[in-house]
Amino acid sequence: MINTENAVVLLIDVQGKLAQKVTGSEALHQKVAQLMRACQYFDVPVVWVEQLPDKLGATTESLAELIPTDTPIAKQTFSAYANPDVKKRLDDLNRKQVILCGIETHICVYQTACDLLRAHYHVHLVTDATSSCDASHYHTGIAMMQQNGAWITLVEALLFEWQQAAGGSDFRSFLTLIK
């Protein structure tokens, strides 16, 4: 089970025109936004990366506004974990459950997952908060990560894991995240 004390969300490259071109872009943005609001609610840190932002553009503004950290980490490597600043941030947080979301599933998300798994992190891919420009690349990317040992989840499943129990005023507040 994924718990809030040991989890960190790694948001990968939802930026520029590419974020508008991926399969199911609108649904992707809705699910990533839901996840970012949940991170605020449950006090789960977010590490936020952008691939060559000076060339590809910034993170989608509606998402950037929801991220508790003030600045993204720029990267050139496809794997976010290959970036020393990302590696240091994850080391400093000392949380072993890394929840991945972003684009493109079969490239940057996949390579990040593989590097994290080699570094003995528990990798959880949020499949409804990831995408690629081509649907077959998205599905193959998920399969490739599973073959390497990544766990698969959905935003709603993850949020209920974090919540753990129904009832009380906390649960009523939690339900606003789901709707």
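Residues numbered from 1 in each chain as written. Predicted model: local features only at pLDDT ≥ 70, side-chain atom pairs only at ≥ 80, totals over all residues. Heavy atoms only, no water.

## Overview of the sheet that holds strand β1 (residues 7-12)
Rules: DSSP bridges decide pairing: two strands pair if at least two such bridges lie between them. Going along the chain from the N terminus, every DSSP run of H or I of four or more residues is numbered as a helix, and every run of E of two or more is numbered as a strand. The axes used here are C-alpha line fits, helices contributing only the stretch in contact, and every angle between their N-to-C directions lies in the interval 0 to 180 degrees. Any two residues whose heavy atoms approach within 4.5 Å at even a single point are treated as in contact.
Spatially, the six strands line up as an open sheet ordered β3-β2-β1-β4-β5-β6, and their pairing is parallel. Either end of the sheet is taken by a strand with one partner, and the two such strands are β3 (73-75) and β6 (151-153). Averaged over all pairs of adjacent strands, the angle between their axes in this sheet comes to 25 degrees, without regard to strand direction. Direction of pairing for strand β2 (residues 46-51) relative to β3: parallel, over a ladder of three bridges. Paired with E50 across the strands is A74, a residue of β3. Here helix α2 (residues 25-42) sits on the sheet and contacts β1, β2, β4 (97-103) and β5 (122-131); the angle it forms with β5, its principal contact strand, is near 135 degrees. The sheet strands contacting helix α6 (residues 105-118) are β1, β2, β3, β4 and β5, and the helix crosses β4 at an angle near 165 degrees.

## Topic: the nonpolar core
Under the convention used in this document: In this description, a nonpolar core means a group of buried Ala, Val, Leu, Ile, Met, Phe, Trp, Tyr and Cys residues linked to one another through side-chain atoms lying within 4.5 Å. Burial classification: accessible surface area is computed with a 1.4 Å probe over protein chains only, and a residue below 20% of its type maximum counts as buried, one above 50% as exposed, and the rest as partly exposed.
Counting 33 residues, the largest nonpolar core has V9, L11, L35, M36, V46, I99 and W162 as its most contacted members. Every element with two or more residues in this core is listed here: β1, α2, β2, β4, β5, α8 (155-163) and α9 (168-178). No other element matches α2, which puts eight residues into this core. Setting aside chain neighbours within four positions, we find V9 in contact with L35, M36, C39, V44, P45, V46, V47, I99, C101 and W162. Counting 24 residues, the second-largest nonpolar core is a separate cluster that includes I12, V49, Y81 and A150.

## Let's talk about unusual backbone geometry
Residue E104 follows I103 across a cis peptide bond; omega there is -15 degrees. Within the secondary structure, E104 is located in the loop between β4 and α6. Despite not being glycine, H120 has its phi angle at roughly 70 degrees, a positive value. With respect to the helices and strands, the residue H120 is situated in the loop between α6 and β5. With a phi angle near 75 degrees, Q164 is a residue other than glycine that sits in the positive phi range.

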